[in-house]
Amino acid sequence: MPADVFGVLANPVRRKLLESLREGPRSTGELAAMFELGRPAVSEHLAVLRTAGLVREEPRGRHRFYHLQAARLAEVSEWLRPFEHYWNQRLDALADLLDEENEK
């Protein structure tokens, strides 16, 4: 059974890894260079992401490249959808307040 996506995404290192993979595949070394962590620690985070189905590993010779697999993020998006209304209301109220302040 795949790992709980919410639990996996709770870690800021894993979120940053996913964000960097939006731009395209990256090697383990490239990803590790983004952090003040050792390569083994970054590899462990990548393994968690792989187990959760959020990244795919592609061996190329002695290197491993990681690709974003965003389909599992749909689960997160689906869960967050009911909260969009709340945030839209809050942002609309803020915009109205700023408009009033600018009119003064």
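For the structure, see preceding data.
Below is a short write-up of the structure. It should be emphasised that the depicted structure is a prediction, and the values quoted were computed from it without experimental measurement. (Residues numbered from 1 in each chain as written. Predicted model: local features only at pLDDT ≥ 70, side-chain atom pairs only at ≥ 80, totals over all residues. Heavy atoms only, no water.)

Here we take up the sheet that holds strand S2 (residues 55–60). The antiparallel open sheet is built from three strands, whose spatial order is S1-S3-S2. Lying at the two open borders of the sheet, with one neighbouring strand each, are strand S1 (26–27) and S2. As paired elements, S1 and strand S3 (residues 63–68) share two bridges and run antiparallel to each other. From the neighbouring strand, Ser 27 faces S3, where its bridge partner is Phe 65. Taken strand by strand, helix H4 (residues 39–51) contacts S2 and S3, and its axis lies near 120° from that of S2. (Pairing = 2+ DSSP bridges. Helix = DSSP H or I, 4+ residues; strand = E, 2+ residues; numbered from the N terminus. Contact = heavy atoms within 4.5 Å. Axes fitted to C-alpha atoms, helices over the stretch in contact; angles between N-to-C directions.)

Core analysis: the largest hydrophobic core is formed by 18 residues, its most contacted members being Leu 17, Leu 31, Val 42, Leu 46, Leu 49 and Leu 54. Going through the elements one at a time, helix H1 (5–9), helix H2 (12–21), helix H3 (28–32) and H4 are the ones with two or more residues in this core. Looking at which element gives the most residues to this core, the answer is H2, with four residues. Beyond its immediate stretch of four places on either side in the chain, Leu 49 contacts Val 8, Arg 14, Leu 17, Leu 18, Leu 54 and Val 55. (Core = buried A, V, L, I, M, F, W, Y, C linked by side-chain atoms within 4.5 Å. Buried < 20%, exposed > 50% of the residue type's maximum accessible area, 1.4 Å probe, protein only.)

The next point concerns the environment of His 63. By the secondary structure assignment, His 63 is in strand S3. By relative accessible area, His 63 is classed as partly exposed at 46%. Here the alpha-carbon distance between His 63 and Phe 6, two residues 57 residues apart in the chain, equals 29 Å.

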